[in-house]
Amino acid sequence: METFQHLFELTGIPGITWRMCVMWVVVLVLMYLAVYKKFEPLLLVPIAFGALLANLPTAGLVNLPEGDHPGGLFYYIQQGVHLEIFPPLIFMGVGALTDFGPLIAAPRTLLLGAAAQFGVFATFMGAAIIGFTNQESAAIAIIGGADGPTSIFLANKLAPDLLAPIAVAAYSYMALVPMLQPPVMRALTTPEERRIRMRSLRKVSRLEKLIFALVVTVLVILLVPAASALIGMLMLGNFLRECGVTERLSKAAQNEVINAVTIFLGTSVGITMTGERFLQFETLKILALGVVAFGIATAAGVLMAKGMNLFIKENKINPLIGSAGVSAVPMAARVSQVEGTRADPGNFLLMHAMGPNVAGVIGTAVAAGYFIATFSPG
């Protein structure tokens, strides 16, 4: 009997807690959304699996180094988040995958991407009002930008204790963009506005794209130095894409690099989702604020487009593309296309919506840099 008791104590079963069991349910929900609903599976699957590992009585996985004994596997993998390596590398891949041509061809759409950032700052004020610190409020607010890597980057700097719920909220709501945005878009536009047809965009030369990448890098870093890592890597990836002489590097950034980093980033976030950290009332408040942030950002972009139309006599803007100002690339642009096609099957808004969509990526990075410069403790 004593031998059986000893063997039982050697297993991980005695280490199971009720919080772990609750988190197993959370993991199953995330897996369901990722695998069966295909909501951001490339990130939700690693996050969910990391959360599963975090809520099992593991050994040698997350322990800190002690003396001559090395730390656990994820102690070292997580350094990519703690040392702010993974999010900028993701941005390099995003830059290599993104065509900035629609934004260059229609510079006015930059205002739509900027307007969507209103959701970020409105949520910051709301979070501060309900009791979060300025640093925590800033980290939560960036969820409204619909940019997972930026959310992780900012949370790690300003509110590391909230990293897990902020990351889960950011990526979950990014996945739910096709469900969250359309009701707001329809409520704020008339059938006639949704049927507005915009002129085809002009062709943008390679030289224009290269100059754009360099100019944006210099201007943004001069104005918001704290955004250097994100903007610098974003534009590096885009320059590799557009210069025409680094095809291998561009393909590596688009595929091998971003894929490997996505696995490590997702599992590193998931491994922080222990029951003790995640099952708190603050998590529910963050999830609620995330929905508010998305709604306000979407509404601000649509309303900005409607406001701009008051001063435009020809080639008016279809307000539906204003919702693409959130930086969920290219999902938000596709939502604009779907809603436009629903109102007019012959209307093609995708390329027009990509302008505010990529502007939103830049805008969210700038907003994050502002928050870091203003509230960073060090």
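Residues numbered from 1 in each chain as written. Predicted model: local features only at pLDDT ≥ 70, side-chain atom pairs only at ≥ 80, totals over all residues. Heavy atoms only, no water.

- The chain goes by oxaloacetate decarboxylase (Na(+) extruding) in an unreviewed UniProt entry, where it is assigned to Roseospira navarrensis.
- The heading Subcellular location (unreviewed entry) in the UniProt record of the chain holds the text "Cell membrane". (UniProt positions renumbered as here; feature names shortened; annotations may be inferred.)

### Notes on the nonpolar core
Okay, step 1: Membership of the largest hydrophobic core comes to 105 residues, with the highest contact counts inside it found for Phe100, Ile143, Met235, Met273, Ile362 and Phe371.
Okay, step 2: It is helix H21 (residues 350-375) that contributes the most residues to this core, 12 residues altogether.
Okay, step 3: Beyond its immediate stretch of four places on either side in the chain, Ile143 contacts Ser151, Ile166, Ala169, Ala170, Tyr173, Ile286, Gly290 and Phe294. (Core = buried A, V, L, I, M, F, W, Y, C linked by side-chain atoms within 4.5 Å. Buried < 20%, exposed > 50% of the residue type's maximum accessible area, 1.4 Å probe, protein only. Helix = DSSP H or I, 4+ residues; strand = E, 2+ residues; numbered from the N terminus. Contact = heavy atoms within 4.5 Å.)

### Structural notes on the pattern of salt bridges
Okay, step 1: Within this structure, the stated rule accounts for 11 salt bridges.
Okay, step 2: Arg197 is paired through a salt bridge with Asp344; the nearest N and O atoms lie 2.8 Å apart. Taken as a pair, Arg197 in the loop between helix H14 (191-194) and helix H15 (206-223) and Asp344 in the loop between helix H20 (331-343) and H21 lie far apart in primary sequence, 147 residues in all.
Okay, step 3: In this structure, the salt-bridge partner of Glu314 is Arg199, at a minimum N-O distance of 3.2 Å. You can see Glu314 sitting in the loop between helix H19 (281-309) and H20 and its partner Arg199 sitting in the loop between H14 and H15, a full 115 residues away along the chain. The exposure classification of Glu314 matches that of Arg199, with both residues exposed. (Salt bridge = Lys/Arg side-chain N within 4 Å of Asp/Glu carboxyl O.)

### A closer look at helix H6 (residues 86-97)
Okay, step 1: Along its 12 residues, H6 runs 17 Å from first to last C-alpha, staying within 8% of the 16 Å computed at 1.5 Å per residue.
Okay, step 2: Most of H6 is tucked away, with nine of its 12 residues classed as buried.
Okay, step 3: When H6 is considered as a whole, its buried residues turn out to be Phe86, Pro87, Pro88, Ile90, Phe91, Met92, Gly93, Gly95 and Ala96.
Okay, step 4: Packed against the buried residues of H6 are helix H4 (73-77), helix H5 (79-82), helix H11 (148-158), helix H16 (228-242), helix H17 (247-270) and H21. (Expected span 1.5 Å × (residues − 1).)

### A word on the layout of surface pockets
Okay, step 1: Quantified by volume, the largest pocket comes out at close to 800 Å³.
Okay, step 2: Forming the walls of the largest pocket are 29 residues, and the residues nearest its centre are Glu40, Val94, Met174, Val329 and Pro330.
Okay, step 3: Only helix H3 (41-54), H6, H11, helix H12 (163-175), H17 and H20 provide two or more residues apiece to the lining of the largest pocket.
Okay, step 4: Residue contributions to the lining of the largest pocket peak at five residues, all from H17.
Okay, step 5: Residues of the lining of the largest pocket, tallied by class, amount to 20 nonpolar, six polar and three charged. (1 Å grid on protein atoms, 1.4 Å probe; cavity = no way out; pocket = protein on both sides within 12 Å on 5 of 7 lines; lining within 4 Å. Points joined across faces, edges and corners; volume = space filled by probe spheres on them. Nonpolar A, V, L, I, M, F, W, Y, C, P; charged D, E, K, R; others polar.)

### Here we look at a nonpolar patch on the surface
Okay, step 1: On the surface, a nonpolar cluster with roughly 410 Å² of combined accessible area is contributed by Tyr32, Val35, Tyr36 and Val45.
Okay, step 2: For the nonpolar patch, the element with the highest residue contribution is helix H2 (residues 18-36), accounting for three residues.
Okay, step 3: Mapped onto the elements of the fold, Val45 is located in helix H3.
Okay, step 4: Overall, Val45 belongs to the partly exposed group, its relative accessible area being 31%. (Patch = residues over 30% accessible without salt bridge, like charges linked within 9 Å, V, L, I, M, F, W, Y side chains within 5 Å. Areas by Shrake-Rupley, 256 points an atom, 1.4 Å probe, with all protein chains shown as cover.)

### Let's talk about H3
One full turn of an α-helix is made of 3.6 residues, so residues set three or four places apart face in the same direction.
Okay, step 1: Over its 14 residues, H3 extends 19 Å from the first C-alpha to the last, a length consistent with the 20 Å expected when each residue adds 1.5 Å.
Okay, step 2: Within H3, burial applies to Leu43, Leu44, Pro46, Ile47, Ala48, Gly50, Ala51 and Ala54.
Okay, step 3: As for H3, its buried residues are in contact with H2, H12 and H17.

### Regarding the packing of H20 against H21
Okay, step 1: Running from N to C, H20 and H21 cross one another at 140°; their axes reach a closest spacing of 8 Å. Regarding H20 and H21, the two cross each other, and that crossing is right-handed. In this structure, H20 contributes Met331, Ala332, Ala333, Arg334, Ser336 and Gln337 to the contact, and H21 contributes Leu350, Ala353, Met354 and Asn357.
Okay, step 2: The class makeup of the residues in the contact of H20 with H21 is six nonpolar, three polar and one charged. (Axes fitted to C-alpha atoms, helices over the stretch in contact; angles between N-to-C directions. Left-handed = near helix turned anticlockwise from the far one by under 90°.)

### Thoughts on unusual backbone geometry
Okay, step 1: Of note in this structure, Glu84 is not a glycine but carries a positive phi near 60°.
Okay, step 2: Relative to the helices and strands, Glu84 is located in the loop between H5 and H6.
Okay, step 3: Taking relative accessible area as the criterion, Glu84 reaches 24% and is therefore assigned partly exposed.
Okay, step 4: With a phi angle near 55°, Asn315 is a residue other than glycine that sits in the positive phi range.
Okay, step 5: With respect to the helices and strands, the residue Asn315 is situated in the loop between H19 and H20.

### Thoughts on the side chain of Gln337
Okay, step 1: Structurally, Gln337 is set in helix H20.
Okay, step 2: Gln337 sits in the buried class, given a relative accessible area of 14%.
Okay, step 3: Ignoring anything within four residues of it in the chain, the contact list for Gln337 reads Asn347, Phe348, Leu349 and Leu350.

### Examining the environment of Met179
Okay, step 1: With respect to the helices and strands, the residue Met179 is situated in helix H13 (residues 177-188).
Okay, step 2: Under the relative-accessibility criterion, Met179 is labelled exposed at 52%.
Okay, step 3: A sequence separation of 106 residues divides Met179 from Leu73, and the C-alpha atoms of the two residues are 37 Å apart.

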